[in-house]
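Report on the structure
The chain contents come next:
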Amino acid sequence: MGKWRRLGHELGFGIGISHGYATLGTIGFEGRFDYAAIGTVSNVASRLCDAAQSGQILISPRVLLAVEDLVTVGRSELTLKGISRPMVVHNVIGHGEKQT
């Protein structure tokens, strides 16, 4: 990766994770089919990916419920494109089983 940086490129990626129901299947017409996931959950995941900075993991509240004993998070509200109101988003800042 050092070579890419010396050439002026910055590589990195952020992750967005949402949990819920989606419609899955082939979409298209004869001669042109694609497999797709359609629904709010896939839209939210995509928007969280767009909002995540390099090295950042953003999760939805439903994902937090599934992993809350395994992660430490920060909380914020984001306005996501295509979502009618601001959404509570959790930024994963640590992992490993929490001490009780």
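Further up the page is the structure itself.
Computed from a prediction, not measured in an experiment: that's the story for all the values here.

1. Some thoughts on the side chain of His 90
Relative to the helices and strands, His 90 is located in strand β6 (residues 87-95). Taking the relative accessible area as the measure of exposure, His 90 reaches 8% and is therefore buried. Setting aside residues up to four positions removed in sequence, His 90 forms contacts with Ile 57, Leu 58, Ile 59, Ser 60, Pro 61, Leu 64, Val 73, Gly 74 and Arg 75.

2. Concerning the environment of Ile 27
Assignment of secondary structure puts Ile 27 in strand β2 (residues 23-29). You can call Ile 27 partly exposed: its relative accessible area is 39%. When the C-alpha atoms of Ile 27 and Ala 37 are compared, they prove to be 9.5 Å apart, with 10 residues separating the residues in sequence. With near-sequence residues (within four places) excluded, Ile 27 lies in contact with Arg 32, Phe 33, Asp 34, Ala 36 and Ile 38.

3. Observations concerning a nonpolar patch on the surface
Taken together, Phe 13, Ile 15 and Ile 17 make up a surface patch of nonpolar side chains, about 270 Å² in accessible area. By the secondary structure assignment, Phe 13 is in the loop between α1 (2-6) and β1 (15-17). Looking at Phe 13, the relative accessible area reads 60%, which means it is exposed.

4. Regarding the pattern of salt bridges
Scanning all chains against the criterion turns up three salt bridges. The closest approach of N and O atoms between Arg 32 and Asp 34, which form a salt bridge, is 3.4 Å. Under the relative-accessibility criterion, Asp 34 is labelled partly exposed at 38%. Notably, a salt bridge pairs Arg 47 with Asp 50, separated by 3.8 Å at the nearest N-O pair. Taken together, the residues span about one helical turn, with Arg 47 and Asp 50 both in helix α2 (residues 40-51) at a distance of three residues.

The rules behind these values
- Residues numbered from 1 in each chain as written.
- Predicted model: local features only at pLDDT ≥ 70, side-chain atom pairs only at ≥ 80, totals over all residues.
- Heavy atoms only, no water.
- Helix = DSSP H or I, 4+ residues; strand = E, 2+ residues; numbered from the N terminus.
- Buried < 20%, exposed > 50% of the residue type's maximum accessible area, 1.4 Å probe, protein only.
- Contact = heavy atoms within 4.5 Å.
- Patch = residues over 30% accessible without salt bridge, like charges linked within 9 Å, V, L, I, M, F, W, Y side chains within 5 Å.
- Areas by Shrake-Rupley, 256 points an atom, 1.4 Å probe, with all protein chains shown as cover.
- Salt bridge = Lys/Arg side-chain N within 4 Å of Asp/Glu carboxyl O.

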